[in-house]
Amino acid sequence: MWCSAAAQPRLTDSSFASLITCGAGNDYYLSFGHTAIRVCDPQQGIDKVYNYGTFDFDSPNLYWNFVRGYLNYCVSVSDYRRFVAVYQYEGRSLDEQRLRLTPTEVNSLFAALEENCRPENRYYIYDFFRDNCATRARDIILGALDNPDIFTKRTADTNLTYRQIIYRYVDRLKWWQLGVDLLLGMRCDRPVSTFDYMFIPFDLQNQLDTAISASGQPLAEPAVQVLYETKQPNPESLSPDLMFWLLFAAVASLSVVAYIKQWHLQWLDIPLFALVALLSILLLVMWFGTIHWCTKWNLNLLWLNPLFIYIVFRLRKSNRIVLYITIACLAITVTGFAWLPQQFNTAAIPIALTLAVRLASYLLPQRDKTIKENI
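**Section: the overall build of the chain**
- In terms of regular secondary structure, the chain is built from 12 helices and 11 strands.
- Taking 2.2 N^0.38 as the reference for a compact globule, 375 residues should give roughly 21 Å; the C-alpha atoms of the chain span a radius of gyration of 26 Å, well beyond that estimate.
- Expressed as lengths along the three principal axes of its C-alpha atoms, the size of the chain is roughly 95 × 45 × 35 Å.
- Among the 375 residues that make up the chain, the fraction classed as buried is 47%.
- Excluding contacts between residues fewer than 6 apart, the proportion of contacts in the chain whose partners are at least 24 apart in sequence is 78%.
- Surface summary for the chain: the accessible area is close to 18,900 Å², and the carbon and sulfur share equals 60%.

**Considerations on the packing of aromatic side chains**
- Here the structure, examined in full by the defined rule, presents 20 aromatic pairs.
- Ring plane angle 80° and centroid distance 5.7 Å describe the contact between tyrosine 162 and tryptophan 293, whose orientation is recorded as edge-to-face. One end of the pair, tyrosine 162, is in helix 5 (residues 162–167); the other, tryptophan 293, is in the loop between helix 9 (266–288) and helix 10 (307–314), with 131 residues separating them in the sequence.
- Arranged with centres 5.5 Å apart and planes meeting at 20°, the rings of tyrosine 169 and phenylalanine 202 form a pair that is stacked. Of this pair, tyrosine 169 sits in the loop between helix 5 and helix 6 (174–183) while phenylalanine 202 sits in helix 7 (residues 201–210), and the two are 33 residues apart along the sequence.
- Among the aromatic residues, those joined into a ring-pair cluster are Phe32, Phe128, Phe129, Tyr162, Tyr169, Phe199, Phe202 and Trp293.
- One residue, arginine 136, lies across the ring of tyrosine 124, its end atom 4.0 Å from the ring centre.
- The ring of phenylalanine 195 is capped by arginine 138, whose NZ or CZ atom sits 3.8 Å from the centre of that ring.

Procedures and definitions
- Residues numbered from 1 in each chain as written.
- Predicted model: local features only at pLDDT ≥ 70, side-chain atom pairs only at ≥ 80, totals over all residues.
- Heavy atoms only, no water.
- Helix = DSSP H or I, 4+ residues; strand = E, 2+ residues; numbered from the N terminus.
- Rg over C-alpha atoms; globule rule 2.2 N^0.38 Å.
- Buried < 20%, exposed > 50% of the residue type's maximum accessible area, 1.4 Å probe, protein only.
- Contact = heavy atoms within 4.5 Å.
- Areas by Shrake-Rupley, 256 points an atom, 1.4 Å probe, with all protein chains shown as cover.
- Phe/Tyr/Trp six-rings, centres within 6.5 Å; stacked < 30°, edge-to-face > 60°.
- Lys NZ or Arg CZ within 6 Å of the ring centre and 35° of its normal.

Structure below.
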């Protein structure tokens, strides 16, 4: 049910507001949970849940806008019982934290939420790290406080980076983790402040558990579990590291045999280099062709190098300087885990070594003038 633009009633003193934190789902995009805000006035029969995580599946150019970073999310509202029923059906957990707000603050929050529901205010450009369902809930709650200054005691994990925070929620989804690591640039590897930490629903909940308002009182009551998780957890996926180390061993062994027997392995190199070239184009598009804050300055382009676009077409006629530069970039990837300002996925090591082995084969002298083609 969408929000109404009609004037909202003033809530009675028995009204309250809560932060609702929903558990993770089985799909990747549901791995981080969800945040919503409940406003309830029993005397007037008002019990609404405001949800900043909705978008229109029928909107034109949905997937293209998502890739470019222009997908409009919006706030919607539903009945509390209906909202709970959806998560109960999906087997996901649901926690509720009642906010310690004065009647005036509850009314301010309610008015701000209703104002956000107006057609001209409903939509916003979604940003996973800086403008999502959790950050919107955080900001509108703080904006309703008479004094928005709060202090959070939970500081033990504030040296984590955006990337490390994400890791905690996709640990069992190794291939998804690899995909995320390919797309995220070095901006995601800076330490996150206590305030920015709250972009994940579960961390917003944890921060509010220890948040102290300017009056010296806790900002929220301890969370109460409304629903327990009943869904089956995702099975842990096979490690990409293992798969790519096996690939490296196979390619290195084959390359040695090919050098001894003077085989040409174009059947291997063309699809391998072409795949890397396509991925390099994707990273360039995500950097320069989108407004995503998190995909800029992506050092994965060291090993998913755009020079492979040239190499895949030239192959054995490739300029030796280009080959040396590309191998040097691969070497920086392998040795740069400790000093580069971006954290690479560990699967990048065997992939970079595999590519280096195949590139090096084009720099080695021929053992004799007899060349056996291996087609």
